[in-house]
Amino acid sequence: MSTMNALLRRAIDSGAIPSGESEQTIFAPIGFMTDGAVAPERQDLSYVNDNYPRIPVASFDSSVIETLHGNFPMPPSWDGGDFAVQFVWASPSSGSVVWRFSTFSTPIADQGRWGNAFNVTVDSVDAALDNGELYINYGAWSQVALGTPAAGTRRFLAFSAQRRATDGADTHSGDAHLIGVNIRYRASRLSDQEA
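Sequence order as written defines the numbering, with residues in each chain counted from 1. Totals for whole chains, interfaces and linings use every residue, but because this is a predicted model, local features are given only for residues with pLDDT of at least 70 and side-chain atom pairs only at 80 or more, for both listing and counting. Remark: hydrogens and water are excluded; side-chain values derive from all non-hydrogen atoms of the structure.

> Just checking my understanding: could you explain the confidence of the model for the protein chain for this structure?
Close inspection of predicted coordinates is inappropriate in any region flagged by low pLDDT. Looking at the protein chain, pLDDT values average 77 and 69% of them are 70 or higher. Each residue carries a pLDDT score, the predictor's confidence in it, ranging from 0 to 100. A run of H or I in DSSP counts as a helix once it spans at least four residues, and a run of E counts as a strand once it spans at least two, with each numbered from the N terminus. Mean pLDDT across the elements of the protein chain ranges from a minimum in helix α1 (residues 3–14), with 52, to a maximum in strand β2 (residues 34–35), with 94.

> Is there a simple way to explain the pattern of salt bridges in this structure?
A side chain with one charge can pair with a side chain of the opposite charge if their charged atoms come near. Whenever Lys or Arg places a side-chain nitrogen within 4 Å of a carboxyl oxygen from Asp or Glu, that contact is recorded as a salt bridge. The full count for this structure, using the stated rule, is four salt bridges. In this structure, the salt-bridge partner of Arg 184 is Glu 23, at a minimum N-O distance of 3.7 Å. Of this pair, Arg 184 sits in strand β13 (residues 176–187) while Glu 23 sits in strand β1 (residues 22–29); the two residues are 161 residues apart in sequence, bridging distant segments of the chain. Relative accessible area serves as the criterion here: at 24%, Arg 184 is assigned to the partly exposed category. Judged by its relative accessible area of 53%, Glu 23 falls in the exposed class. Across the pair Arg 100 and Asp 123 runs a salt bridge whose closest N-O atoms are separated by 2.6 Å. Residue Arg 100 is found in strand β7 (residues 95–103), and its partner Asp 123 is found in strand β9 (residues 120–128); the two are separated by 23 residues along the sequence. Burial here depends on accessible area, computed with a 1.4 Å probe over protein chains only, as a share of the maximum for the residue type. Under 20% is buried, over 50% is exposed, and the range in between is partly exposed.

> Quick question: what am I supposed to make of the side chain of Thr 67 here?
Tracing the backbone through its elements, the reader meets Thr 67 in strand β5 (residues 66–73). Assessed through its relative accessible area of 11%, Thr 67 is described here as buried. In protein, a polar contact means a hydrogen-donor-capable atom and an acceptor-capable atom, both N or O and within 3.5 Å, with residues adjacent in sequence counting only if both atoms are side-chain atoms; elsewhere, any N or O pair within 3.5 Å suffices. Looking at Thr 67, its side chain comes within polar contact range of the side chain of Gln 162, at 2.9 Å. Throughout, a contact is declared for two residues whenever any of their heavy atoms are within 4.5 Å. When sequence neighbours within four positions are dropped, the list of residues in contact with Thr 67 reads Asp 35, Gly 36, Val 38, Ala 39, Pro 40, Phe 60, Ser 160, Ala 161 and Gln 162.

> Could you clarify how one ought to interpret the nonpolar core in this entry?
If you look at soluble globular proteins, the nonpolar side chains tend to sit buried side by side. Formed by 28 residues in total, the largest nonpolar core has its most connected members in Trp 89, Leu 178 and Ile 183. Breaking this core down by element, the ones donating at least two residues are β1, β4 (55–60), β5, β6 (83–91), β7, β12 (155–163) and β13. It is β13 that provides the largest number of residues to this core, a total of six residues. Put simply, a nonpolar core is a bunch of buried Ala, Val, Leu, Ile, Met, Phe, Trp, Tyr and Cys residues held in one set by side-chain atoms that sit within 4.5 Å of each other. Counting residues in each nonpolar core, the second largest holds five residues, with Leu 45, Val 57, Val 88 and Ala 90 among its members.

> Can you help me understand the pairing of β13 in this one?
Side-chain direction in a regular strand flips from residue to residue, so the side chains alternate between the two faces of the sheet. Most of β13 sits out of view: 10 of its 12 residues are buried. A pair of strands is considered paired only if DSSP assigns at least 2 bridges between the two. Taken together, the eight bridges between β1 and β13 define a ladder with antiparallel strand orientation. Looking at the pairing, Ile 26 lines up with Ile 183 of β13. Taken together, the three bridges between β4 and β13 define a ladder with antiparallel strand orientation. Counterpart to Phe 60 in the pairing with β13 is Ala 176. In the sheet, β6 pairs with β13 via seven bridges, with the strands oriented antiparallel. Its bridge partner being in β13, Ala 90 is matched across the sheet by His 177.

Structure below.
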């Protein structure tokens, strides 16, 4: 075995990423989110007919701020640093939508207490161009700045997703159909196996 292969094999066996950190994505679909005090209507939509996929969506109103809540444990491979979010949604009409992602500045630690109110918010404005189109906005990730927990510690991410319908930048006249939220984080190692 060559020296390079031996070094690579040792790095893989240790769980380290030879070229440094990598980016990973977790998708949180609306089916795994719970309703806030004022919540969007949930629907299964097909934008053409029943021969096309039916997509579960949360239909966020154009005049009222509605909220969904989500949560999950972050993978042990997470480096403990900032992450980015991206809303995945579809539109029945045109106009801009203002989405908001809120969370705690320090995710909840193993055997830790629930925090107070969310204290980190990130707004993202996205323009719908046509009826029935899917919007994923690659390249338009919104960075979420956090405190810096130690990498590899057990952390639980709780968050909310909203359409800021009363924001002046939200010009979308109809419902905005949220499918889910992508969360992109940096991994400091290949494996999620805990030491």
